[in-house]
Amino acid sequence: MDNMILIGMPGSGKSTVGVVLAKALGMGFLDVDLLIQEREGTLLQQLIDRQGVERFLDLERDAILSLNCRGTVVAPGGSCVCREEAIAHMRRLGTVVYLELPLAEVAGRIRNQSSRGIALSPGQTLADLYQYRVPLYQRCAHITVPAGGQSLAETVENVKRALAAHEKANPE
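Read on for an overview of the structure. These numbers were taken from a predicted model, which means no experiment stands behind them. (Residues numbered from 1 in each chain as written. Predicted model: local features only at pLDDT ≥ 70, side-chain atom pairs only at ≥ 80, totals over all residues. Heavy atoms only, no water.)

Section: the overall build of the protein chain
When helices and strands are counted, the protein chain shows 8 helices and 5 strands. For the protein chain, the sequential pattern of α-helices and β-strands runs β-α-β-α-α-α-β-α-β-α-α-β-α. Against the compact-globule benchmark of 16 Å for 172 residues, the protein chain has a radius of gyration of 15 Å, which places it among compact chains. Taking the principal axes of the C-alpha coordinates as reference, the protein chain spans close to 45 × 35 × 25 Å. Evaluated residue by residue, the protein chain yields a buried proportion of 48% over its 172 residues. A total accessible area of about 8,300 Å² is found for the protein chain, and carbon and sulfur atoms account for 50% of it. Between the averaged position of the 18 positive side-chain charges in the protein chain and that of its 19 negative side-chain charges there is a distance of 2 Å. (Helix = DSSP H or I, 4+ residues; strand = E, 2+ residues; numbered from the N terminus. Rg over C-alpha atoms; globule rule 2.2 N^0.38 Å. Buried < 20%, exposed > 50% of the residue type's maximum accessible area, 1.4 Å probe, protein only. Areas by Shrake-Rupley, 256 points an atom, 1.4 Å probe, with all protein chains shown as cover. Lys, Arg positive; Asp, Glu negative; His and termini not counted. Charge placed at Lys NZ, Arg CZ, Asp CG, Glu CD.)

Structure follows, in structure tokens:
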């Protein structure tokens, strides 16, 4: 396995699952949100507030396009699927795993929506964002793994099982 890219809504566990999964598989871990913050010298929410959602999505796309790693679990931001070039690059980079979570659980996990760095356009609700992004996640993913109603350890094990099944069905 080369790289694994975890996609999904904010709160789906991309970073949390990614760190544990990387340790379990002996891989590196890269959080694209942190990469963007480091490059831009500011928090994601400040970036969105100051430069707008569209500019943020372009910066995220550029960060994803700059990735050239091996043996790494990558956790891009939830809006990684909003630019076609980013989708294509993630699919070339490795196996894309969609951590699927029902809207009610996404909403329940996000306590700090106004400061978390979620790419919400003015007037857009979390439900609107969910409805827009889910088909994009489904189209981008090689594998979909339900991530709701279970512990972190169960999610990690389910991702590992799904990856093993995917690799067996798609030998290189």
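Here we look at a nonpolar patch on the surface
A cluster of nonpolar residues, Val-19, Val-20, Phe-29 and Leu-152, forms a patch on the protein surface that exposes about 260 Å² of accessible area. Residue placement: Val-19 occurs in helix 1 (residues 14–25). (Patch = residues over 30% accessible without salt bridge, like charges linked within 9 Å, V, L, I, M, F, W, Y side chains within 5 Å. Salt bridge = Lys/Arg side-chain N within 4 Å of Asp/Glu carboxyl O.)

Quick notes on the sheet that holds strand 3 (residues 72–75)
Spatially, the 5 strands line up as an open sheet ordered 2-3-1-4-5, and their pairing is parallel. Strands at the two margins of the open sheet, each flanked by one partner only, are strand 2 (28–31) and strand 5 (143–146). Between one strand axis and the next, the sheet turns by 25 degrees as a mean value, whatever way the strands run. Pairing analysis gives 4 bridges linking strand 1 (residues 4–7) to strand 4 (residues 95–100), with the strands arranged parallel. Residue Ile-7 lies in a different strand from strand 4, and its bridge partner there is Tyr-98. (Pairing = 2+ DSSP bridges. Axes fitted to C-alpha atoms, helices over the stretch in contact; angles between N-to-C directions.)

Notes on the state of the cysteines
Scanning the model with the defined rule gives 0 disulfides in all. Unpaired in terms of disulfides, Cys-80 finds its nearest cysteine sulfur in Cys-140, a separation of 6.2 Å. Cysteine Cys-82 shares no disulfide, and the gap to the nearest cysteine sulfur, in Cys-80, comes to 7.7 Å. For Cys-82, a relative accessible area of 15% corresponds to the buried category. (Disulfide = S-S within 2.5 Å.)

Here's the deal with the nonpolar core
Note on soluble globular proteins: their nonpolar side chains tend to be buried together. Formed by 56 residues in total, the largest nonpolar core has its most connected members in Met-4, Ile-7, Val-81, Met-90 and Val-97. Broken down by element, this core gets its largest block of residues, 7 residues, from helix 7 (residues 126–140). Setting aside residues up to four positions removed in sequence, Val-97 forms contacts with Met-4, Ile-5, Leu-6, Ile-7, Ile-143, Val-145, Val-159 and Leu-163. (Core = buried A, V, L, I, M, F, W, Y, C linked by side-chain atoms within 4.5 Å. Contact = heavy atoms within 4.5 Å.)

Some points on the pairing of strand 1
Of the two faces of strand 1, the one carrying Met-4 and Leu-6 and the one carrying Ile-5 and Ile-7 are both buried. For strand 1 and strand 3, the ladder comprises 2 bridges, and the chain directions are parallel. Counterpart to Met-4 in the pairing with strand 3 is Val-73.

Things to note about helix 2 (residues 32–40)
Since the α-helix packs 3.6 residues into each turn, any two residues three or four apart lie on the same face. For helix 2, the N-terminal capping position is held by Asp-31, with its side-chain oxygen 2.9 Å away from the main-chain nitrogen of Asp-33. Just downstream of helix 2 lies Gly-41, where phi reads positive at about 70 degrees. (Polar contact = N/O pair within 3.5 Å; in protein donor to acceptor, adjacent residues only side chain to side chain.)

Concerning helix 3 (residues 44–51)
Within helix 3 the residues assigned to the buried category are Leu-44, Gln-45, Leu-47 and Ile-48. Projection of helix 3 onto a plane perpendicular to its axis shows the buried side chains occupying an angular sector of 160 degrees, all on one side. Opposite its buried face, helix 3 presents the exposed residues Asp-49 and Arg-50, each directed more than 90 degrees away. Looking at the packing, one finds that the buried side of helix 3 touches helix 2 and helix 4 (53–65). Gly-52 occupies a position one or two residues after helix 3 and carries a positive phi of about 95 degrees. (Arc of directions from axis to C-beta.)

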